Amino acid sequence: MEQRWTKDNLTSLQSNILAEEQKHPGATGEFSWILSAISLATKAIGNKVRCARIEDVIGDIEETNVQGETQQKLDVIANELILRCLGDRENIGILASEENETPMFLRKRADGGRYAVLFDPLDGSSNIDVSVGVGTIFSVLRLPDGGSREEAILQPGNQQVAAGYVLYGSSTVLVLTTGNGVDMFVLDQSIGSFVLVEKGLKIPTGNNAYSINEAYTNQFSDDIKSYLNWAHENDYSSRYIGSMVADVHRVLLKGGVFIYPPTKDKPEGKLRLMYEANPMAMIVEQAGGKSTAYNTPVLEIHPKGLHQRTSVILGSVDQVDAVVDFLS
Ligand code: AHG
Ligand code: MN
Ligand code: MN
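Note that the structure is predicted; figures quoted are calculated from it, not measured.

1. A word on the coordination of the manganese ion (ligand 3)
Line of reasoning, step 1. Listed as protein donors to the manganese ion (ligand 3) are E98 (OE), D120 (OD) and L122 (O); their distances from the metal cover 2.1 to 2.2 Å.
Line of reasoning, step 2. Read in sequence order, the donor residues coordinating the manganese ion (ligand 3) give the pattern E-x21-D-x1-L.

2. A short note on the environment of L141
Line of reasoning, step 1. With respect to the secondary-structure elements, L141 resides in strand 6 (residues 134-142).
Line of reasoning, step 2. Judged by its relative accessible area of 2%, L141 is buried.
Line of reasoning, step 3. Separated by 18 residues in sequence, L141 and Q159 place their C-alpha atoms 6.7 Å apart.
Line of reasoning, step 4. Those residues in contact with L141 that sit more than four places away from it in its chain are R114, Y115, A116, L118, I153, Q155, Q159, Q160, V161 and M274.

3. Some thoughts on the site of ligand 1
Line of reasoning, step 1. Not every one of the 18 residues close to ligand 1 is listed here, only the nearest: D123, N213, Y216, Y240 and Y260.
Line of reasoning, step 2. For ligand 1, an oxygen atom lies 2.9 Å from a polar atom in the side chain of K270.
Line of reasoning, step 3. Here ligand 1 loses 87% of its free accessible area of 480 Å² to cover by the protein chains.
Line of reasoning, step 4. Counting residues per element, the shell around ligand 1 draws most heavily on strand 5 (residues 115-123), which supplies three residues.
Line of reasoning, step 5. Its residues assigned to classes, the shell around ligand 1 shows six nonpolar, five polar and seven charged.
Line of reasoning, step 6. Counting only domains with at least three residues in the shell around ligand 1, you end up with domain 1 (13-198) and domain 2 (209-324).

4. Some thoughts on the coordination of the manganese ion (ligand 2)
Line of reasoning, step 1. The protein atoms that coordinate the manganese ion (ligand 2) are D120 (OD), D123 (OD) and E276 (OE), at distances of 1.9 to 2.1 Å.
Line of reasoning, step 2. The sequence pattern describing where the donors of the manganese ion (ligand 2) fall on their chain is D-x2-D-x152-E.
Line of reasoning, step 3. Metal-to-metal, the separation of the manganese ion (ligand 2) and the manganese ion (ligand 3) is 3.7 Å; D120 coordinates the two. Of this pair, D123 sits in strand 5 while E276 sits in helix 7 (residues 273-286), and the two are 153 residues apart along the sequence. The same class applies to D123 and to E276, which are both buried.

5. Quick look at the sheet that holds strand 7 (residues 160-168)
Line of reasoning, step 1. Spatially, 4-3-5-6-7-8-9-10 is the arrangement adopted by the eight strands of the open sheet, whose pairing is mixed. Every interior strand has two partners, whereas the edge strands, strand 4 (104-105) and strand 10 (193-198), have only one.
Line of reasoning, step 2. Sheet topology note: the strand 5/strand 6 ladder contains seven bridges and is antiparallel. For Y115, the partnering residue across the bridge sits in strand 6 and is R142.
Line of reasoning, step 3. Most of the contacts of helix 7 go to strand 7, to which it runs at about 100°, and overall it touches strand 5, strand 6, strand 7, strand 8 (172-177) and strand 9 (182-188).

6. Considering the pattern of salt bridges
Pairing between side chains of opposite charge can happen when their charged atoms approach one another.
Line of reasoning, step 1. Going through the model one piece at a time under the given rule, you end up with twelve salt bridges.
Line of reasoning, step 2. The residue K199 makes a salt bridge to E20 at a minimum N-O spacing of 3.1 Å. In this pair, K199 is assigned in the loop between strand 10 and strand 11 (209-211) and E20 in helix 1 (residues 13-22), connecting sequence segments 179 residues apart.
Line of reasoning, step 3. Under the relative-accessibility criterion, K199 is labelled partly exposed at 28%.
Line of reasoning, step 4. Relative accessible area serves as the criterion here: at 14%, E20 is assigned to the buried category.
Line of reasoning, step 5. With its nearest N and O atoms 3.3 Å apart, the salt bridge here joins E69 to R272. In this pair, E69 is assigned in the loop between strand 1 (60-64) and strand 2 (70-72) and R272 in strand 14 (residues 271-272), connecting sequence segments 203 residues apart.

Scoring rules and cut-offs
- Residues numbered from 1 in each chain as written.
- Chains lettered and ligands numbered in written order.
- Predicted model: local features only at pLDDT ≥ 70, side-chain atom pairs only at ≥ 80, totals over all residues.
- Heavy atoms only, no water.
- Donors = N, O, S within 2.8 Å, 3.2 Å for Na, K, Ca; no water.
- Helix = DSSP H or I, 4+ residues; strand = E, 2+ residues; numbered from the N terminus.
- Buried < 20%, exposed > 50% of the residue type's maximum accessible area, 1.4 Å probe, protein only.
- Contact = heavy atoms within 4.5 Å.
- Near = heavy atom within 4 Å.
- Polar contact = N/O pair within 3.5 Å; in protein donor to acceptor, adjacent residues only side chain to side chain.
- Areas by Shrake-Rupley, 256 points an atom, 1.4 Å probe, with all protein chains shown as cover.
- Nonpolar A, V, L, I, M, F, W, Y, C, P; charged D, E, K, R; others polar.
- Domains from an automatic or database assignment.
- Pairing = 2+ DSSP bridges.
- Axes fitted to C-alpha atoms, helices over the stretch in contact; angles between N-to-C directions.
- Salt bridge = Lys/Arg side-chain N within 4 Å of Asp/Glu carboxyl O.

This is the structure we're talking about:
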């Protein structure tokens, strides 16, 4: 008999994944191997984030990553922890990270490397030093038979088999979709497990709130400026943390819209398509929300490169539509 989840059940991430897999005849269980490695890695990263000032791992390392952005000590530590925890999972063929210029080819498809995991090891890293919420974002793709290894991961976001993030905030929260709705888990420090707190999460509507770095207004296109003027006249509220994970998490739970539009300095937008925008867009859409990169839905963009940037508008359907109405 199928076990039904209620708020009274104590269900771990691991048991939830196994229960989900049992619903699919022929499931090999290999997916749970990937997610258990992500769970282990993010618990270790969360631990480092919480002890950052005690262990003196705040600040930068005077080097830049492939994006030309200064790497924080914790960016590097988080990246290494993910590589250590996921590197030996036999079903992962490719690992790709914001912090590494090229993907790491671990094993061939013929040798069992059926999946690629793409990740932003530490998102919002400029917020670490001030103890503001930061996170890890990940996207899982199935690798095709044949084709060149470089091209294997350049799949549009609608091909993702799973996506999620972990927010290291006042609690450590893991949000996950495997294409069948969105589940939310909170790390219970006392038992060391992510515990299911919400199944089938739905993003609310009716919250007039936007999340955008409004200091760049002079660099925005006229349509975004017009939207903001309209929002100012319609009693909107503004919330912007500067960590995509934290901003999107708030939008997922409270409703509203997150916007990172093109700017004069960054005409493509700032956020990375494959390991920031795509996983967040999949989560938001699986929760009944909407996402777009101006004229193209985020999840339909065919990536040309691992570190490609995009503009992003995502959140509650009503709030995204209110922005889209202003786009020419
Ligand atoms: P990362 O720390 O992984 O480089 O990402 C930072 C990103 C994202 O978290 C956030 O939404 C955005 O940068 C904020 O950018 P601005 O400071 O330009 O607003
Ligand atoms: Mn990021
Ligand atoms: Mn990052």
